[in-house]
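Tertiary structure, described
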Amino acid sequence: MSEKPIFVMCYCTGECPGFQALDLWQLINRSRNEMGIDFAVVHPQLCVDDGERFWEYFAKPGHKYLVGGCDPRMQRKMYKDALEKVGVDFDTQITALDLRNMSTEDAIQKVGQALTAMQG
């Protein structure tokens, strides 16, 4: 098991106006190449049924996840039950970031700061 966090980016269908200034692939590639993560995953909408199935299949106890997307309170509300089913504690294993309404560079900086705090 890797000690590095896994970066999961929820892109809110790709049509959310809050992500229009964000170059998703630049964020993903910079995070996986420059920021010391285990790997990066993009999901189109974690708050719907297939997002719940994704967490139930993918999330594992002992791993740390940095999740970019919408408001962290909404992320907690939407993923908590699916994560609990597989023994993952949202409060200790998930670092949720709101990356809406950010430029690509601002989002990259926010992700980098969160990863540094998680690994620190």
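Whatever comes next refers back to the structure up there.
All figures in this text were calculated on a predicted structure; none of them were measured in a lab.

Within this structure, the stated rule accounts for eight salt bridges. A salt bridge links Glu84 to Lys80; the shortest N-O distance between them is 2.5 Å. Note that Glu84 and Lys80 are positioned in helix H3 (residues 72–85) at a spacing of four residues, about one turn of the helix. Given a relative accessible area of 23%, Lys80 falls into the partly exposed group. Connected through shared salt-bridge partners, Arg30, Glu34 and Glu105 make up one network.

Here H3 spans 20 Å end to end across 14 residues, near enough to the 20 Å set by a 1.5 Å rise per residue. The sharpest bend along H3 measures roughly 50° and falls at Tyr79. When we look at burial in H3, the residues that qualify are Gln75, Tyr79, Ala82 and Leu83. On its buried face, H3 sits against strand E1 (6–10), helix H2 (49–58), strand E3 (65–69), helix H4 (90–93) and strand E4 (94–98). Residue Gly87 follows H3 closely and has a positive phi angle near 80°.

Definitions and cut-offs
Residues numbered from 1 in each chain as written. Predicted model: local features only at pLDDT ≥ 70, side-chain atom pairs only at ≥ 80, totals over all residues. Heavy atoms only, no water. Salt bridge = Lys/Arg side-chain N within 4 Å of Asp/Glu carboxyl O. Helix = DSSP H or I, 4+ residues; strand = E, 2+ residues; numbered from the N terminus. Buried < 20%, exposed > 50% of the residue type's maximum accessible area, 1.4 Å probe, protein only. Expected span 1.5 Å × (residues − 1). Bend = angle between axes of the 7 residues up to and from the residue. Contact = heavy atoms within 4.5 Å.

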